[in-house]
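This is what each chain is made of:
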Amino acid sequence: HSPLVGCATWDLVSAALAGAGYELNVPDLTGTVRAGPPYCVRQAQVIADSAAGQPAILIGHSGAGPLLAAAGAMIGEGVRGYIFVDAGLPTPGQAWMETVPPELADQVREMADAEGWLPPWPLWWGEEAMTELLPDPSVRRLFVAGCPRLPLAMFEEIQPAVPLRPDAPAGYLQLSEAYEHEAAKARELGWPVVQVMSHHLAMLTEPSRVAGSLHDLLGLLLS
């Protein structure tokens, strides 16, 4: 899951994939945002540790995408592939603030309090927007409850200079128009790209559809 949100992002899809026979581990990154810098390295280590020494395909949503290459480098030859789900691609040597439109970067800085903390991600957009994305009150409540306050410093930290491993296949699952650029880049890299055109949190509203698409991509990477 993206460090901006919580594990509940994957609850419904991971249950569907487990039911199909996959062995999954959803590492919890929420503790890393409270622990202080270095954020990226610590988050990548949590992802790497979740593989528990077993061959693994790393799957990352949204802000977890840029962490996958660093986690893969920590794991080494045990990485069998990567899947980016409506996610940013690795941006070694850059901070998050450098990869987003300047107006969004300015908005994030303005939200920070005097101690450098931002409100949880759902509060960035407001209750009406979250209700539109996640109409089911119970699903929305669980998702929002798992989203931590965020340190501004995390968005200003430079990503580790680790390239995506060329010997590990990768795929891209696009959920929203907002990630068209990343999906196009994945095509340029020769990766398989599957589109489930819905919205950024489609894992929580259309879990069967997302799980089916991940199953297809996993089949391609494991073939």
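Look above for the structure.
Owing to the predicted nature of the structure, the values given are computational and were not obtained by experimental measurement.

Peer 1: Sorry if this is basic, but what is going on with the packing of aromatic side chains here?
Peer 2: To describe a pair of aromatic rings, you give the distance between the ring centres and the angle between the ring planes. If you walk through the whole model with that rule in mind, you get 6 aromatic pairs. The interplanar angle of 10° and the centroid separation of 5.4 Å between the aromatic rings of F84 and W191 together place this pair among those described as stacked. Residue F84 is found in strand β2 (residues 79–85), and its partner W191 is found in the loop between α10 (180–188) and β6 (193–195); the two are separated by 107 residues along the sequence. Residues F84 and W191 agree in their burial class; the two are buried. Arranged with centres 6.0 Å apart and planes meeting at 70°, the rings of W121 and W125 form a pair that is edge-to-face. A residue pair is termed a helical-turn pair when its members lie 3 or 4 positions apart in one helix, as W121 and W125 do in helix α6 (residues 121–125) at 4 residues. Residue class for W121 comes out buried when judged on its relative accessible area of 11%. With relative accessibility at 38%, the residue W125 sits in the partly exposed group. Ring pairs connect the aromatic residues W96, W121, W124, W125, F143 and F155, which therefore count as one cluster.

Peer 1: Just checking my understanding: could you explain the environment of G146 for this structure?
Peer 2: Tracing the backbone shows G146 in the loop between α8 (137–145) and β4 (150–151). Classification of G146 as partly exposed rests on a relative accessible area of 30%. With 138 residues separating them in the primary sequence, G146 and A8 have C-alpha atoms 6.7 Å apart. For G146, the residues in contact, after removing those within four places along its chain, are V5, G6 and T30.

Peer 1: What is the right way to look at the pattern of salt bridges in this model?
Peer 2: When charged atoms on two side chains of opposite charge get close, those side chains can pair. Scanning all chains against the criterion turns up 6 salt bridges. In this structure, the salt-bridge partner of R187 is E180, at a minimum N-O distance of 3.8 Å. The class for R187 is partly exposed, based on a relative accessible area of 38%. Overall, E180 belongs to the partly exposed group, its relative accessible area being 36%.

Peer 1: Mind showing me how you'd approach α10 here?
Peer 2: One turn of the α-helix equals 3.6 residues, which is why residues spaced by three or four share an orientation. Turning to α10, its buried residues are E182, A183 and A186. Projected down its long axis, α10 shows its buried positions confined to an angular sector of 100°, all on one face. Counted as exposed and oriented over 90 degrees from the buried face of α10: H181 and E188. Of the surrounding elements, those touching the buried residues of α10 are β5 (170–174) and β6. G190 sits one or two positions beyond α10 and adopts a positive phi of about 85°.

Peer 1: Which parts of the structure should I look at to understand the packing of helix α2 (residues 39–50) against helix α3 (residues 68–75)?
Peer 2: Where α2 meets α3, the closest approach of the two axes is 8 Å, and the angle between their N-to-C directions is 55°. When the interaxial angle is binned, α2 and α3 end up oblique. Here α2 runs over α3; the crossing is right-handed. Along the contact surface, α2 presents V41, A44, Q45, I47 and A48, while α3 presents A70, A71, M74 and I75.

Rules used throughout
Residues numbered from 1 in each chain as written. Predicted model: local features only at pLDDT ≥ 70, side-chain atom pairs only at ≥ 80, totals over all residues. Heavy atoms only, no water. Phe/Tyr/Trp six-rings, centres within 6.5 Å; stacked < 30°, edge-to-face > 60°. Helix = DSSP H or I, 4+ residues; strand = E, 2+ residues; numbered from the N terminus. Buried < 20%, exposed > 50% of the residue type's maximum accessible area, 1.4 Å probe, protein only. Contact = heavy atoms within 4.5 Å. Salt bridge = Lys/Arg side-chain N within 4 Å of Asp/Glu carboxyl O. Arc of directions from axis to C-beta. Axes fitted to C-alpha atoms, helices over the stretch in contact; angles between N-to-C directions. Parallel < 35°, antiparallel > 145°, perpendicular 65-115°, else oblique. Left-handed = near helix turned anticlockwise from the far one by under 90°.

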